Amino acid sequence: MSWTMTYRHPRLNGGSDIVVEGASRLEFRHGKVCRHRDFFDAGELLYEQVPLLGKVIRLLKRRMD
């Protein structure tokens, strides 16, 4: 299942919304979720939002594209 998380923190991204795409893996047993795991980019979630560190992370991501 794909999802989009939106959050904001007064000290990150100038207090503006931060949007992170992710996905969840769900396993069902007898019609109920028995196992759940989320996958997302932790760098996008937090590290890219820290002013100096964010510039370095974004530079590295652009070079890998």
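What you see is a predicted model; the values in this text were computed from it and never measured.

Bringing unusual backbone geometry into the picture now. Residues other than glycine seldom take positive phi values, yet N13 does so here, at roughly 55°. When you line up the elements, N13 lands in the loop between β1 (2-7) and β2 (18-29). Since its relative accessible area comes to 37%, N13 is described here as partly exposed. Within the chain, H30 stands out as a residue other than glycine whose phi angle is a positive 55°.

This part is about the environment of W3. Following the sequence through the fold, W3 ends up in strand β1. Note on W3: relative accessible area 21%, which makes it partly exposed. Discounting residues that sit within four places of it in the chain, W3 has contacts with V20, E21, G22, A23, S24, D38, F39 and F40. Among the polar contacts made by the side chain of W3, one reaches the main-chain carbonyl oxygen of A23 at a distance of 3.5 Å.

Right, let's get into the sheet that holds strand β3 (residues 32-40). Within the open sheet, the three strands sit side by side as β1-β2-β3. Their pairing is antiparallel. Edge positions in the sheet fall to β1 and β3, since each has one partner strand and no second. For this sheet, the mean inter-axis angle between neighbouring strands, taken without regard to orientation, is 35°. Sheet topology places β2 next to β3; eight bridges connect them, and they run antiparallel. Its bridge partner lying in β3, F28 is registered against V33.

Next up on the list: the side chain of E48. Mapped onto the fold, E48 is located in the loop between α1 (42-45) and α2 (51-64). By relative accessible area, which is 11% here, E48 ends up buried. Contacts of E48, omitting those with residues within four sequence positions, involve D41, G43, G54, I57, R58 and K61.

This brings us to the confidence of the model for the protein. When pLDDT is averaged along the protein, the result is 91; 100% of the residues meet or exceed 70. Across the protein, the secondary-structure element scoring lowest on mean pLDDT is α1, at 84, and the one scoring highest is β3, at 97.

Calculation notes
Residues numbered from 1 in each chain as written. Predicted model: local features only at pLDDT ≥ 70, side-chain atom pairs only at ≥ 80, totals over all residues. Heavy atoms only, no water. Helix = DSSP H or I, 4+ residues; strand = E, 2+ residues; numbered from the N terminus. Buried < 20%, exposed > 50% of the residue type's maximum accessible area, 1.4 Å probe, protein only. Contact = heavy atoms within 4.5 Å. Polar contact = N/O pair within 3.5 Å; in protein donor to acceptor, adjacent residues only side chain to side chain. Pairing = 2+ DSSP bridges. Axes fitted to C-alpha atoms, helices over the stretch in contact; angles between N-to-C directions. pLDDT = per-residue confidence, 0-100.

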